[in-house]
Structures are given as C-alpha cells and as structure tokens.
Number of protein chains: 2
Amino acid sequence: MQLHLVRYTDPLTSMGPAMKRKPSTEATAAWIRLMRIQSRVLDAVEQDLKKAGFPPLAWYDALLELSRAPSGEMRPVELEKQMLIPQYSTSRLIDRLVDEGLAARRECKIDKRGQFVEITEVGRELQKKMWSAYSAAIEKHVGSKLSDADAAKLCGLLDRLGCSCGEAPSLAARDGAPVR
Amino acid sequence: MQLHLVRYTDPLTSMGPAMKRKPSTEATAAWIRLMRIQSRVLDAVEQDLKKAGFPPLAWYDALLELSRAPSGEMRPVELEKQMLIPQYSTSRLIDRLVDEGLAARRECKIDKRGQFVEITEVGRELQKKMWSAYSAAIEKHVGSKLSDADAAKLCGLLDRLGCSCGEAPSLAARDGAPVR
DNA sequence: AGTGACTAAATGCATTTGCATGAATTAGTC
DNA sequence: GACTAATTCATGCAAATGCATTTAGTCACT
C-alpha cells in the first residue's frame, strides 16, 4: 500500500549501499501494536501501583535484583547490566533507594573505584509488599486477558524479536518480575 | 471467558475483600517479555532515527496525524486523543513543531478557546523523509525477524491485551505508523 | 443577562532524564 | 616503573516530563 512512497518519494532509498527494504503491512501492524499496547499496559500497571502508594516500578526491579544477589549486595555496574538502563540512571536510582533507607552503599575493597550496594531489611520488606500489588496488577491487565497457552505463544513471538531476554520464565516468576 | 481463573482457588486469593489473584508463570513471563522487548525494539528504532539526524518519533506521529487530517489541520484536543498523550504534552509538542516551522497555529473561529494546528509544506516533507528511515528501521527490527503470518499472530495476541488499538491495520500501514 | 459547571489550552514549578564530562582507580604495554 | 587506555561512578547543565493551576471561552439553565 505504501508502494507509492517507494516508487517516487525518495530517491535516497534506491541510491545508497544500505538498501532499505520496506516492512510488510503485517510487520508494521505488529510494530504499532507492540508500542501502543505495551504503553497502555505499562501505564495501567504503574497507575495501580501508584494508587496503592508504592514507588515506581524501576525501584521494584532494583530491589528484586538486589534481594536475589548473594548476601543481598551487588555492584552498580552489575545492576546496570541486569536492568538495561544507562549508567547515570543507575547511579541516581541508587541515590534514591539509599535516601529512602531501602539500600546502603558499601565500600568495595577489591576495587576502589567501585562500591557495593546492599539491600536493607526495609528494602526487602518493600519488595515483598510491592510484589503483592504488582502481581495483582499483572494478573488484572495481562493474565486475565490471555489463556496460559496464549501467553506462552506471545512469549515465543516476542522472544524472536529480542532474541531472548535473559531470564528463564520459571525463575522470573518465582517471586517477582523485573521489567526493563 | 477467563475460565482458568475459576479453576483453582488458593487460600490467599479467597481471603481479602480485595481479591488479589496471582498471575500464572506464563502470564508473568508474557508481561516481562512485553516490557523488555518493546523497550529494546523501541530503543533500537529511535536510535536509528536519531543517527539519521531525525527528531523523536513523537514528532513523526504528530506530523502523520496532521498530514492525514482534511486540509492538514486539526484541533490540539483531537491530536491528543489520537496520540494518547496528556494535554500538556500535546501543547508542548505543538510548540516545538511550530518553533521548527513544521506546523503553524491557526485561529479557530468557531470556538475561541481553541485553535487549529496546520502542518506546513516543510512538515509534510519531513514526515515523508522520516517514514523512509522509520520504515526501514521497522523492517530491520521487526519485519526481518518475523514471518508475515507470525506478525499477524502477534497482532492478534497483543490486541487482546489492549482491546483494539483504534486503528485498522490497513489504514495504519498505508503511509506510516503512529506509535503511542 | 447572570450564574455556575465545563472544556480548551498554556504555564509555573518541581522532578526526572539525557548527554557530556570529570575524578579516581585499575589494567595493559613497553 | 612510566605511560596510555579503559573502567567505575558521580555530577553539572539543559531539556523533557508530570502535576496542579490559571486563563479564557462556552454552554445550560434560570
């Protein structure tokens, strides 16, 4: 349908060595759905959490990662890799967790550039409380709209776009769901 | 519809007045994938556009909506509804488009509270140029990883989460892909 | 016409993000 | 060991975002 674009709008497209193929209507539709639905569902879940008086989801993700780490501590760099967020973002997220008494910075003796971040008891408790509200929101906005079989299919299709998202499903579902 | 909900009853669920049903591992896994993959794919596409020297996707969406509107103009409120972004966000987006000469504010005679926003020739050109890069990015990050049949399946599954995202696929793909 | 409820859009202010850079430390190389 | 490159983390600054409020205009009703 957008053939006319290819045909005469853009001579650039046919020139470069970087040949630009146009997506099928199906692919485009999938892209749109992926963007719109994700945004809606995420919004809905975050709103639920917020209404219940909880901090943003990113905090949960960080607390979950920390709580899973051996002895509840990890390096910021590691956290950064797990959460797939930029370095400065991690740094500031940790700032806020520390400010709220949910985590603490510990000196790192083996590498003096770095540090360790350790989750506190309060942090662990918050993570658990949040999971209760969070899981309810997931059920409400995802689980209740899809059979398990369909959810699994959806996973499979999405995975092909990202080439695996790291974590085994069984692990992920054990006591929480990291997001980004 | 959601028979699986009724199937099992754990003690937790049947306790509170606020019935918190836990999601299945499949649902949780789907949620995680939806969040992570979307974020990755969106990032990848936005990066491609940025590297090509183009403004953010939101600009494209707005320009596309405007270019589709009869005589290339619409009310901010309408744009807001189409794009599913907050009112203040629309207001500022328009500011930026106007600053760059991509759109112009027009007086609205029938309702003096409001206004019309009209896309300029430059705006239309930018929209077309962006679509060329944008569509290439969609093909690269979505189309090339999924058969058309699978893309269609993915659409179907996602649609069930959001209960339709407004637009008919054929229309959406005609000359662009609005995102949020 | 006057009042109050409502809608369209803009804006002030605090918070958050993105980007680039800086400071400290470690690693690699000769 | 001295020098350069790479790493870990923090931060200043500009831009973007979210939220609440303001301004201006409309509408319904009496």
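Undergrad: Before we go on, may I ask you to explain the overall build of chain A in this structure?
TA: Secondary structure assignment for chain A yields nine helices and three strands. Seen in sequence order, chain A has helices and strands lined up from the N terminus as α-α-α-α-β-α-α-β-β-α-α-α. Scored against the burial criterion, the 180 residues of chain A give a buried share of 38%. Put simply, 54% of the contacts in chain A that link residues at least 6 apart link residues at least 24 apart.

Undergrad: What is the right way to look at the sheet that holds strand 1 (residues 73-74) of chain A in this model?
TA: What holds strands together in a sheet is hydrogen bonding between their backbones, with the strands either parallel or antiparallel. All names here are of chain A. Reading across from one edge, 1-3-2 is the order of the three strands in this open sheet, with antiparallel pairing throughout. Strand pairing shows two members of the sheet lacking a second neighbour, strand 1 and strand 2 (103-107), which therefore form its edges. Direction of pairing for strand 2 relative to strand 3 (residues 115-119): antiparallel, over a ladder of five bridges. Counterpart to Arg105 in the pairing with strand 3 is Val117. Contacting strand 2 and strand 3, helix 6 (residues 87-99) crosses the sheet at an angle of about 110° to strand 2.

Undergrad: Please clarify how the nonpolar core should be interpreted in this entry.
TA: Looking at soluble globular proteins, one finds that nonpolar side chains tend to be buried together. Membership of the largest hydrophobic core comes to 87 residues, with the highest contact counts inside it found for Ala30 and Leu63 of chain A together with Ala30 and Leu63 of chain B. Not counting the four nearest positions on each side in its chain, Ala30 of chain A is found in contact with Val142, Leu146, Ala151, Leu154 and Cys155 of chain B.

Undergrad: Hey, could you run me through the protein's contact with DNA strand C in this one?
TA: In the region of DNA strand C, 18 residues are neighbours, and Lys112 of chain A together with Val77, Tyr88, Ser91 and Gly114 of chain B sit closest. Sorting the residues of the surface near DNA strand C by element identifies helix 6 of chain A together with helix 5 (76-83) and helix 6 (87-99) of chain B as the ones contributing at least two each. Per-element tally for the surface near DNA strand C: the top contributor is helix 6 of chain B, with five residues. In terms of residue class, the surface near DNA strand C is made up of six nonpolar, five polar and seven charged.

Undergrad: Looking at this structure, how should I read the environment of Leu97 of chain A?
TA: Residues and elements named next belong to chain A. Mapping Leu97 onto the fold places it in helix 6. For the pair Leu97 and Gly123, spaced 26 residues apart in sequence, the C-alpha to C-alpha distance is 8.3 Å. Leu97 has contacts with Trp59, Ala62, Leu102, Ala103 and Gly123, leaving out every residue within four places of it along the chain.

Undergrad: Just to check I follow, could you spell out the packing of helix 3 (residues 25-51) of chain A against helix 3 (residues 25-51) of chain B for this structure?
TA: Any two packed helices are characterised by how steeply their axes cross, that is the angle between the axes, and by the distance between the axes. It is the contact of helix 3 of chain A with helix 3 of chain B, at a shortest axis distance of 10 Å, that shows an interaxial angle of 130°. Classified by the interaxial angle, the pair formed by helix 3 of chain A and helix 3 of chain B is oblique. Relative to helix 3 of chain B, the crossing made by helix 3 of chain A is left-handed. Touching Leu34, Met35, Gln38, Val41 and Leu42 of chain A of helix 3 of chain A are Leu34, Met35, Gln38, Val41 and Leu42 of chain B, all from helix 3 of chain B. Split by residue class, the contact of helix 3 of chain A with helix 3 of chain B holds eight nonpolar, two polar and no charged.

Undergrad: I'm lost on the protein's contact with DNA strand D in this one. Help?
TA: Residues in contact with DNA strand D amount to 18 residues; listed here are only the nearest, Val77, Tyr88, Ser91 and Gly114 of chain A together with Lys112 of chain B. It is helix 6 of chain A that provides the largest number of residues to the surface near DNA strand D, a total of five residues. When the residues that make up the surface near DNA strand D are grouped by side-chain class, the tally is six nonpolar, five polar and seven charged.

Undergrad: Would you mind going over the pairing of strand 3 (residues 115-119) of chain B with me for this structure?
TA: In the case of a regular strand, side chains alternate between the two sheet surfaces. Pairing of strand 1 (residues 73-74) of chain B with strand 3 of chain B involves two bridges; the strand directions are antiparallel. The residue of strand 3 of chain B that forms the bridge with Met74 of chain B is Val117 of chain B.

Undergrad: Looking at this model, I keep getting lost on unusual backbone geometry. Mind explaining?
TA: Negative phi characterises most residues that are not glycine, and trans characterises most peptide bonds. With phi around 60°, Leu84 of chain A is a residue other than glycine that occupies positive phi space. Along the chain, Leu84 of chain A turns up in the loop between helix 5 (76-83) and helix 6. Positive phi, normally seen in glycine, also occurs at Ser71 of chain B, with a value near 60°. Its place among the elements puts Ser71 of chain B in the loop between helix 4 (57-68) and strand 1. C-beta crowding within 10 Å serves as the criterion here: with 8 such atoms nearby, Ser71 of chain B is assigned to the exposed category.

Undergrad: How should I be thinking about the sheet that holds strand 1 of chain B in this particular structure?
TA: Across the sheet, which stays open at both edges, the three strands sit in the order 1-3-2 (chain B) with antiparallel pairing between neighbours. Strand pairing shows two members of the sheet lacking a second neighbour, strand 1 and strand 2 (103-107) of chain B, which therefore form its edges.

Undergrad: Would you mind going over the environment of Leu63 of chain B with me for this structure?
TA: Residue and element names in this part refer to chain B. In this structure, Leu63 sits in helix 4. When the 26 C-beta atoms within 10 Å are taken as the criterion, Leu63 is described as buried. For Leu63 and Met35, which are 28 residues apart along the polypeptide, the C-alpha to C-alpha distance reads 27 Å. With sequence-adjacent residues up to four places away left out, Leu63 is seen in contact with Leu102, Ile119, Gly123, Leu126 and Gln127.

What counts, and at which threshold
- Residues numbered from 1 in each chain as written.
- Chains lettered and ligands numbered in written order.
- Predicted model: local features only at pLDDT ≥ 70, side-chain atom pairs only at ≥ 80, totals over all residues.
- Helix = DSSP H or I, 4+ residues; strand = E, 2+ residues; numbered from the N terminus.
- Buried ≥ 20, exposed ≤ 12 C-beta atoms within 10 Å, placed from the backbone.
- Contact = placed C-beta atoms within 7 Å.
- Pairing = 2+ DSSP bridges.
- Axes fitted to C-alpha atoms, helices over the stretch in contact; angles between N-to-C directions.
- Core = buried A, V, L, I, M, F, W, Y, C linked by C-beta atoms within 7 Å.
- Near = placed C-beta within 6 Å.
- Nonpolar A, V, L, I, M, F, W, Y, C, P; charged D, E, K, R; others polar.
- Parallel < 35°, antiparallel > 145°, perpendicular 65-115°, else oblique.
- Left-handed = near helix turned anticlockwise from the far one by under 90°.

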